[in-house]
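Breakdown of the fold
Listed below, chain by chain, are the residues.
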Amino acid sequence: MKNITVLGAGAWGTAFGQVLADAGNTVTMWAIEPEIVTDIHEHHRNSYRLPSVEQLPANMDATGDRAQAVANAEIIVVAIAAQFARVALAEFKDLIPSTALVVSLMKGIERATGKRMDQVVRESLNLPEERFVAISGPNLSKQVADRQPAATVVGCADIANARIVAQACETKYFKPFVTTDVIGLEMCGSLKNVVALAVGMARGAGYGENTAAMIETRGLAELTALGKAAGADPKTFAGLAGVGDLVATCGSPLSRNYTFGANLGKGLSVEEATKASNGVAEGVPTTDAVVALGRQLGVPTPLASAMSDVLGKGISCADMLGELFGGDITEE
Ligand SMILES: NC(=O)C1=CN([C@@H]2O[C@H](COP(=O)(O)OP(=O)(O)OC[C@H]3O[C@@H](n4cnc5c(N)ncnc54)[C@H](OP(=O)(O)O)[C@@H]3O)[C@@H](O)[C@H]2O)C=CC1
Ligand SMILES: O=C(CO)COP(=O)(O)O
């Protein structure tokens, strides 16, 4: 049993904190919002970000003090909106214990730099490769918080450290697998959000299963090609973090990315969909980063490019799908 600190008490940070507490660890949540800290510390609730849970476990507490949050942590989990990870982690750089493993739950690419979260976290904390761990899989936070059976993938360049983190988050309802393919996990988690935006948009516009399946399958091909070019193991894309997370995210109104897309499909503007969003839709800032990464790696990204035109130029769902079709007949 370990001392584990979670930075960021959003929906997934809190739900994963509960998993860690259920696994028997002592869990400290750190949040930037004082009212969230008070809610967890005094009422064992996070009514702001995870209202469906009435009572968080007793071995889960919260603090707003950065030094106190991480002083005794053996594992530090980062669950902050991806675009803010670098600025938030800078404050922890000189505070984290030199032996602690640092785990990222984030699924996004930094728009300003085109960097994956493994790169952002390691740069921000000056962290060696073997102490960075990524977790990614089909893990809609509300369902995990309801303790419905789910599985995930824990990745680290040092498989022994992946196993340590996997052991720390294994419960009767939460099953972790391990891998060394950190890049694959990062690419799957980030890119499936862009696909979920497109599927949500098509569903919101009233299209059915054939259209959704087309976008998901072509999206999987796109994220596999880009991931391979970035150095990922192609097998990862067929696993829980790839196909698994695409199925969960593209099929559920619980997904913020799917819902954001659905609202666009129903005719809301990007601003209106942003206002209506219940938490961060990482696919929105990640879309342009994927297009840029595709250019840099020489990999075509028709789906991300079409979604970029939706978000930046306001093209319609029909035009977005038209861009996906392209003009030429090609091999699948
Ligand atoms: N929800 C889910 O089902 C899943 C989410 N993920 C990923 O996990 C990550 C977090 O998601 P989730 O918890 O659901 O998102 P939420 O939108 O619920 O929460 C985002 C978190 O980021 C914090 N944050 C934002 N800006 C800053 C900042 N400048 N400094 C410190 N903290 C900041 C927020 O703090 P505050 O509350 O104070 O604003 C909040 O804790 C995302 O990358 C997401 O893709 C992965 C798997 C499942
Ligand atoms: O990553 C997720 C499920 O695995 C959650 O997706 P959203 O961020 O779209 O809610």
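Structure: see above.
Residue indices follow the written sequence of each chain, beginning from 1 at its first position. Starting at A for chains and at 1 for ligands, labels are handed out in the order in which the entities are written. Under the rules for a predicted model, residues below a pLDDT of 70 receive no local features and side-chain atom pairs below 80 are neither given nor counted, while totals for whole chains, interfaces and linings still include all residues. For side-chain calculations, the full set of non-hydrogen atoms in the structure is used, while hydrogens and water are omitted.

The next point concerns the pattern of salt bridges. We define a salt bridge as a contact between a side-chain nitrogen of Lys or Arg and a carboxyl oxygen of Asp or Glu at a distance within 4 Å. Using the criterion set out here, one finds 11 salt bridges in the structure. Close ionic contact of glutamate 110 with arginine 86 constitutes a salt bridge, the shortest N to O distance being 2.8 Å. Taken together, the residues glutamate 110 in the loop between β5 (101–104) and α5 (117–125) and arginine 86 in helix α4 (residues 85–90) connect sequence positions 24 residues apart. Partly exposed describes any residue whose relative accessible area lies between the buried limit of under 20% and the exposed limit of over 50%, with all areas from a 1.4 Å probe on protein chains only and scaled to the type maximum. By relative accessible area, which is 25% here, arginine 86 ends up partly exposed. Measuring nitrogen to oxygen at the nearest pair gives 3.0 Å for the salt bridge that ties glutamate 123 to arginine 86. Note that glutamate 123 is positioned in helix α5 and arginine 86 in helix α4, a separation of 37 residues in sequence. Put simply, Arg86, Glu110, Lys115 and Glu123 are held in one network by salt bridges that share partners. Strands are runs of DSSP state E lasting at least two residues, helices are runs of H or I lasting at least four, and both sets are numbered from the N terminus onward.

Take the packing of aromatic side chains next. In this scheme Phe, Tyr and Trp rings, the latter by its six-membered ring, pair at centre separations within 6.5 Å, and the angle between planes marks the pair as stacked below 30 degrees, edge-to-face above 60, and tilted otherwise. Applying the stated criterion across every chain yields a total of 3 aromatic pairs. Centroid distance tryptophan 12 to phenylalanine 16: 5.6 Å. Interplanar angle 55°. Geometry classified as tilted. Taken together, the residues span about one helical turn, with tryptophan 12 and phenylalanine 16 both in helix α1 (residues 11–22) at a distance of 4 residues. Relative accessible area serves as the criterion here: at 15%, tryptophan 12 is assigned to the buried category. Residue classification places phenylalanine 16 among the buried positions, given a relative accessible area of 1%. Taking the centre distance of 6.1 Å and the plane angle of 70° together, the rings of phenylalanine 16 and phenylalanine 174 count as edge-to-face. You can see phenylalanine 16 sitting in helix α1 and its partner phenylalanine 174 sitting in strand β8 (residues 174–179), a full 158 residues away along the chain. One residue, lysine 175, lies across the ring of phenylalanine 177, its end atom 5.6 Å from the ring centre. When the NZ atom of lysine or the CZ atom of arginine is within 6 Å of a ring's centre and also within 35 degrees of its normal, the charge is said to sit over that ring.

This paragraph deals with the sheet that holds strand β2 (residues 26–30). A sheet is described by the order of its strands in space; here 8 strands give the open sequence β3-β2-β1-β4-β5-β6-β7-β8, paired in mixed fashion. Because the sheet does not close on itself, it has two edges, and the strands there are β3 (60–63) and β8. When strand polarity is set aside, the average angle formed by the axes of neighbouring strands in this sheet is 25°. Strand pairing follows a simple DSSP-based rule, namely that at least 2 bridges must link the two strands. In the sheet, strand β4 (residues 75–78) pairs with β5 via 4 bridges, with the strands oriented parallel. Bridge pairing in β5 links isoleucine 75 to leucine 101. Taken strand by strand, α1 contacts β1 (3–7), β2, β3, β4, β6 (132–136) and β8, and its axis lies near 165° from that of β2. Contact criterion: two residues are considered in contact whenever any of their non-hydrogen atoms come within 4.5 Å of each other. An axis is simply a line fitted to the C-alpha atoms; with a helix, the fit covers only the stretch in contact. Between two such axes, the angle follows the N-to-C directions and lies from 0 to 180 degrees. On top of the sheet, helix α7 (residues 159–168) reaches β1, β4, β5, β6, β7 (150–155) and β8; it is set at about 175° to β8, its chief contact.

Attention now moves to helix α8 (residues 182–204). Taking 1.5 Å of rise per residue, 23 residues should cover 33 Å, and α8 covers 33 Å from first to last C-alpha, within 8% of that figure. Of all 23 residues in α8, 21 are buried; the element is thus mostly enclosed. Looking one or two places after α8, you find glycine 206, whose phi comes out positive at around 105°. To estimate the expected span of a helix, count its residues, drop one, and scale the result by 1.5 Å.

In the neighbourhood of ligand 2, the contacting residues comprise Lys107, Gly137, Pro138, Asn139, Leu140, Lys192, Asp245, Thr249, Leu254, Ser255, Arg256 and Asn257. Two N or O atoms count as a polar contact when they lie within 3.5 Å, although within protein this holds only if one can serve as hydrogen donor and the other as acceptor, and sequence-adjacent residues are included solely when both atoms are side-chain atoms. In the model, an oxygen atom of ligand 2 is placed 2.8 Å from a nitrogen or oxygen of the lysine 192 side chain. With respect to ligand 2, the side chain of asparagine 257 contributes an N or O atom lying 2.7 Å from an oxygen atom. Accessibility throughout is a Shrake-Rupley quantity obtained with a 1.4 Å probe, and a residue counts as covered only by protein chains that appear here. In isolation ligand 2 exposes 310 Å². Once the protein is present, 92% of that is buried. Secondary structure elements with two or more residues in the shell around ligand 2: α10 (240–250) and α11 (256–265). Polar here means any residue outside two lists: the nonpolar Ala, Val, Leu, Ile, Met, Phe, Trp, Tyr, Cys and Pro, and the charged Asp, Glu, Lys and Arg; Gly therefore counts as polar. Considering only residue class, the shell around ligand 2 consists of 3 nonpolar, 5 polar and 4 charged. Here the shell around ligand 2 spans two domains, and each of domain 1 (3–180) and domain 2 (183–325) adds at least three residues to it. Nearness is judged by heavy atoms alone; a residue qualifies as near a molecule or strand once a single heavy atom is within 4 Å of it. The split of the chain into domains comes from an automatic or database domain assignment.

Across the 11 residues that make up α10, a large majority, 8, are buried. Buried within α10 are the following residues: Ala241, Gly242, Gly244, Asp245, Leu246, Ala248, Thr249 and Cys250. The elements touched by buried residues of α10 are β6, β7, α8, α9 (209–230) and α11.

Taken together, 25 residues sit near ligand 1, with Ala11, Glu33, Arg49, Ser141 and Glu282 positioned nearest. Within the contact set of ligand 1, an oxygen atom lies 2.8 Å away from a backbone nitrogen or oxygen of serine 141. Between ligand 1 and arginine 256 there is a distance of 3.0 Å, counted from an oxygen atom to a side-chain nitrogen or oxygen. Here ligand 1 has 900 Å² of accessible area as a free molecule, and 88% of this is covered by the chains. With 3 residues, α1 is the single largest residue contributor to the shell around ligand 1. By residue class, the composition of the shell around ligand 1 is 14 nonpolar, 6 polar and 5 charged. The residues that make up the shell around ligand 1 include at least three from each of domain 1 (3–180) and domain 2 (183–325).

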